[in-house]
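Residues per chain, in single letters:
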2 protein chains.
Amino acid sequence: MKTVSVERLRSICSRVFAACGAAAGEVEILTDELIESSLLGIDTHGVVLLSQYVYEVLDRTIRPGAPFTILRETPSTAVVDCGFDFGLVSARRIADLVIRKAGSAHIACVVSQRTHHVSRLGSHVQKLADSGFIGLGYVAASTQYGHRPIVAPWGGREGRFSTNPLAYAVPTRDLPIVFDMSTAMTSQGRVRAAIRRSETLPEGYIQDGEGRPTTDPNDLYGSPPGSILPFGFALGHKGYGLALLTEIMAGTLAGRAVDPEDLQDHYSNQLCLIAMDPESFCGREEFYDLAAELSVYLSATPPAPGFEEVVLPGTLERRTRARRLVEGIPIDEEGWNNMKKAASRVGIDIEA
Amino acid sequence: MKTVSVERLRSICSRVFAACGAAAGEVEILTDELIESSLLGIDTHGVVLLSQYVYEVLDRTIRPGAPFTILRETPSTAVVDCGFDFGLVSARRIADLVIRKAGSAHIACVVSQRTHHVSRLGSHVQKLADSGFIGLGYVAASTQYGHRPIVAPWGGREGRFSTNPLAYAVPTRDLPIVFDMSTAMTSQGRVRAAIRRSETLPEGYIQDGEGRPTTDPNDLYGSPPGSILPFGFALGHKGYGLALLTEIMAGTLAGRAVDPEDLQDHYSNQLCLIAMDPESFCGREEFYDLAAELSVYLSATPPAPGFEEVVLPGTLERRTRARRLVEGIPIDEEGWNNMKKAASRVGIDIEA
């Protein structure tokens, strides 16, 4: 495990994304987003993604600078085509658009097509909260088009969904409340990590290809392949219902891809963002007063045994952030080597 | 257990609610809503509520015919004051208002104050789907005002929330998809039923007043009182995050009550409904095509052992409905006697 300073990682990301052909503004978005996720301790969505993105630029899965096109629009809604630009860049454009719309329409919703990996959904809803709006977000990864669906519906023994996250962010006078959850029991990343470390998974996370519960992570990649269960353990029908909500909000509402041929075997995220202006409801100041009261009310709950405190969503990540800003960001050997190798493909030596 | 025909229950509800002073249109809404929940097999939200509502009318907790007032409004949003009319009547007015707004604004949201028990949230989002909109819904019951909060935040040992349900409904060419979940592990109704039957609860549902896991339902009413855990078992932080979303969407966004004194010890629901027009996104016909494809895609999933099929949310309730339409609605002795006693208080003999 190395620990790398934020400054150094910022320089690495900037040079690599510029070498990938991203424009200056896009380089900044990509760098900020990956570093922010690493700072918050959400390492799967942090700087280690750099290597993945480099290869996807090289094979044209990601198309830097692709036009951001509004396909259909009303004052409060839009369907956009992101042309497979970097998903993080597309997500920023989508957030900007829904913020602009909600600013005059009070509530607005934007959905997207041909969007590449948008990474951490919490970051995108937080953009809405940073502008004073309540943000709701949903991401459905393409399932029918080449990306193997890995999450089973409740009662099924084959995957039908991606991990279909949903998220929200709430503006306050202080820092926003940010909540981001997968509607599945776990992620492929976690299952693969268990395989690498020869560990078993907790009960209730996955099932094998026959739909039998298993704790062996290898069963996910057996023949027939297993699947991740919907969130909720014995009450997984609730997680299934939430996964379906995400599928409909982010996938179905955005419509079929404009060019199905282009999407064949093309990994795609669909991002749906809703922004709501508290000023148009109880009023901004009242909303902030009440949100502050609610935060205190919750934080003051006496803790249960085994817990030190009750926290608002996003609090623990922010503490990690404060620490990592000072101490630097830990990156494991494998992740660092992957970054190094990928960067060299676009002529950058990250150890220089 | 009695089985009572829908026709007879319809007559009972109509006579009782009319005797409570509900206007003709309100009687019809109340009767339809209670019978529909009973037909769907959601008996806790069905005709047995009649007795509760009668007593609440008699003690003026419910105020039949109270004006429905728009406190604040834009073309796409509203905050309404329901004046503690029957919650089911208020919910219908709220649904009608958000449908009207979404019809011209493409997406709309209405939140409410001083709303009495709205009962089954799924019914209200379904109204939006019946009108061709995607419906999202949230209900926060008053917590600060007299109604003991029963659901703990993650890591806490005191209740802070109600069961804070969330729901959605999706229009299709056929019947809508309707999903309605509590963000808590269980309901007080279920805990009380376990006490009556001297049963234990499954593990992970509640904790005692010291925050220790327990399966003894009596611990919920111990000294200090216990609490229901947020949905999710070992991953209950997710249920906590969803409970907080509901609290913010339905409670905070609606603002503090206009008249805090009036709300002192006054049970209150806050209902938030969002309606979205698929026509303004991918287009209605395309949306229906894709929703149909998605339904088939999910329903065709081979079942896991112990399951006969994969169903869309709302399917099982609809099968119960078809059966009960023919066979009648089962009501236990206690529920029937409660109805009989309550009805007699407004001069109606339900056995006549």
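This one's a predicted model, so the numbers in the text were calculated from it and none came from an experiment.

S.K.: Just checking my understanding: could you explain the overall build of chain A for this structure?
M.R.: What chain A contains, in helices and strands, is 11 helices and 12 strands. Relative to its length of 352 residues, chain A is compact, with a C-alpha radius of gyration of 20 Å against a globular reference of 20 Å. Dimensions of chain A, computed from the C-alpha atoms along their principal axes, are close to 55 × 50 × 45 Å. By the burial criterion, 61% of the 352 residues in chain A qualify as buried. Expressed as a percentage of contacts within chain A between residues at least 6 apart in sequence, the contacts between residues at least 24 apart total 69%.

S.K.: Just to check I follow, could you spell out the sheet that holds strand β7 (residues 177–181) of chain A for this structure?
M.R.: Hydrogen bonds along the backbone pair up the strands of a sheet, which may run parallel or antiparallel. All names here are of chain A. Strand order across the open sheet formed by 7 strands is β2-β3-β4-β11-β5-β6-β7, with mixed pairing between neighbours. Of all strands in the sheet, those bounded by a partner on one side alone are β2 (69–73) and β7. Neighbour-to-neighbour, the strand axes of this sheet turn through a mean angle of 15°, independent of strand direction. When strand β3 (residues 77–81) meets strand β4 (residues 107–113), the two strands line up parallel, connected through 5 bridges. Residue pairing across strands places A78 opposite V110, the latter belonging to β4. Sitting on the sheet, helix α5 (residues 121–130) is in contact with β5 (134–141), β6 (166–170), β7 and β11 (269–276), with an inclination near 30° to β6. The strands that helix α7 (residues 236–251) touches are β4, β5, β6, β7 and β11; relative to β5, the one it contacts most, it runs at about 95°.

S.K.: When you look at the side chain of B:S295 in this model, what are you seeing that I'm missing?
M.R.: Residues and elements named next belong to chain B. Counting through the fold element by element, S295 comes out in helix α9 (residues 284–299). A relative accessible area of 17% places S295 in the buried class. Not counting residues up to four positions away in its chain, the partners in contact with S295 are I177 and L312.

S.K.: Please clarify how the domain arrangement of chain A should be interpreted in this entry.
M.R.: Interface size is commonly expressed as the accessible surface area that is lost when the partners come together. Here the domain parsing of chain A yields domain 1 (1–59 + 301–352), domain 2 (62–181 + 234–294) and domain 3 (186–228). One C-alpha centre belongs to domain 1 of chain A, the other to domain 3 of chain A, and the line joining them spans 27 Å.

S.K.: Can you walk me through the packing of aromatic side chains in this structure?
M.R.: A ring pair, where both rings are aromatic, is described by two values, the distance of the centres and the angle of the planes. Counting across every chain of the model gives 14 aromatic pairs over all chains. Ring centres of A:W154 and B:F307 lie 5.4 Å apart, and the angle between their planes is 80°; on these two criteria the pair is classed as edge-to-face. Of this pair, A:W154 sits in the loop between β5 and β6 while B:F307 is found in the loop between α9 and α10 (315–327), placing the two residues in two different chains. Classification of A:W154 by relative accessible area gives partly exposed; the value is 26%. Given the relative accessible area of 34%, B:F307 is considered partly exposed. Seen in terms of ring centroids, B:F17 and B:F86 are 5.7 Å apart; in terms of plane orientation they differ by 85°. Their pairing is edge-to-face.

S.K.: What is the right way to look at the environment of A:D43 in this model?
M.R.: Residues and elements named next belong to chain A. Secondary-structure assignment places D43 in the loop between α2 (24–39) and α3 (49–58). Judged by its relative accessible area of 30%, D43 falls in the partly exposed class. For D43 and P330, which are 287 residues apart along the polypeptide, the C-alpha to C-alpha distance reads 8.8 Å. If we skip the residues at most four places from it in the chain, D43 touches S37, S38, V48, R324 and P330. At a separation of 2.8 Å, a polar atom in the side chain of D43 contacts the side chain of R324.

S.K.: Just to check I follow, could you spell out the interface of chain A and chain B for this structure?
M.R.: In this complex, chain A contributes 88 residues to the contact, which on the side of chain B involves 89 residues. For the pair chain A and chain B, the summed buried surface comes to about 7,100 Å²; carbon and sulfur atoms form 71% of the total. Three residues, A:K238, A:F281 and A:Y297, lead the burial of chain A against chain B; their summed loss comes to 10% of the area buried on that side. In this structure, the connection of chain A to chain B is made through 2 salt bridges. One salt bridge connects B:E279 with A:R72, and the closest N-O pair in it is separated by 3.3 Å. Run the count over chain A and chain B and you get 30 residue pairs in polar contact (both at pLDDT 80 or more). Sorting the residues of the side of chain A that touches chain B by element identifies β3, β4, β5, β6, β7, α7, β11 and α9 (284–299) of chain A as the ones contributing at least two each. Of all the elements, α7(A) adds the most residues to the side of chain A that touches chain B, at 10 residues. Considered class by class, the residues forming the side of chain A that touches chain B number 57 nonpolar, 19 polar and 12 charged.

S.K.: How should I be thinking about the pairing of β7(A) in this particular structure?
M.R.: Side-chain positions along a regular strand alternate between the two faces of the sheet. All names here are of chain A. The buried fraction of β7 is high, at 4 of 5 residues. Looking at chain direction, β6 and β7 are connected through 5 bridges and run antiparallel. In the strand pairing of β7, L166 is matched with M181. The turn joining β6 and β7, which pair antiparallel and follow one another in sequence, is formed by 6 residues.

S.K.: I'm lost on unusual backbone geometry in this one. Help?
M.R.: Trans is the prevailing form of peptide bonds, just as negative phi is the prevailing case for residues other than glycine. The residue after A:S223, namely A:P224, is reached through a cis peptide bond having omega 0°. Mapped onto the secondary structure, A:P224 falls in the loop between β9 (213–214) and β10 (227–228). In this model, A:S198 sits at a positive phi of 55°, which is unusual for a non-glycine residue. Relative to the helices and strands, A:S198 resides in the loop between α6 (188–196) and β8 (206–207). Looking at A:S198, the relative accessible area reads 70%, which means it is exposed. For B:N164, which is not glycine, the phi torsion reads 35° and is therefore positive. As for its position among the elements, B:N164 is in the loop between β5 (134–141) and β6 (166–170).

Scoring rules and cut-offs
Residues numbered from 1 in each chain as written. Chains lettered and ligands numbered in written order. Predicted model: local features only at pLDDT ≥ 70, side-chain atom pairs only at ≥ 80, totals over all residues. Heavy atoms only, no water. Helix = DSSP H or I, 4+ residues; strand = E, 2+ residues; numbered from the N terminus. Rg over C-alpha atoms; globule rule 2.2 N^0.38 Å. Buried < 20%, exposed > 50% of the residue type's maximum accessible area, 1.4 Å probe, protein only. Contact = heavy atoms within 4.5 Å. Pairing = 2+ DSSP bridges. Axes fitted to C-alpha atoms, helices over the stretch in contact; angles between N-to-C directions. Domains from an automatic or database assignment. Phe/Tyr/Trp six-rings, centres within 6.5 Å; stacked < 30°, edge-to-face > 60°. Polar contact = N/O pair within 3.5 Å; in protein donor to acceptor, adjacent residues only side chain to side chain. Buried area = accessible area lost by both parts, 1.4 Å probe. Salt bridge = Lys/Arg side-chain N within 4 Å of Asp/Glu carboxyl O. Nonpolar A, V, L, I, M, F, W, Y, C, P; charged D, E, K, R; others polar.

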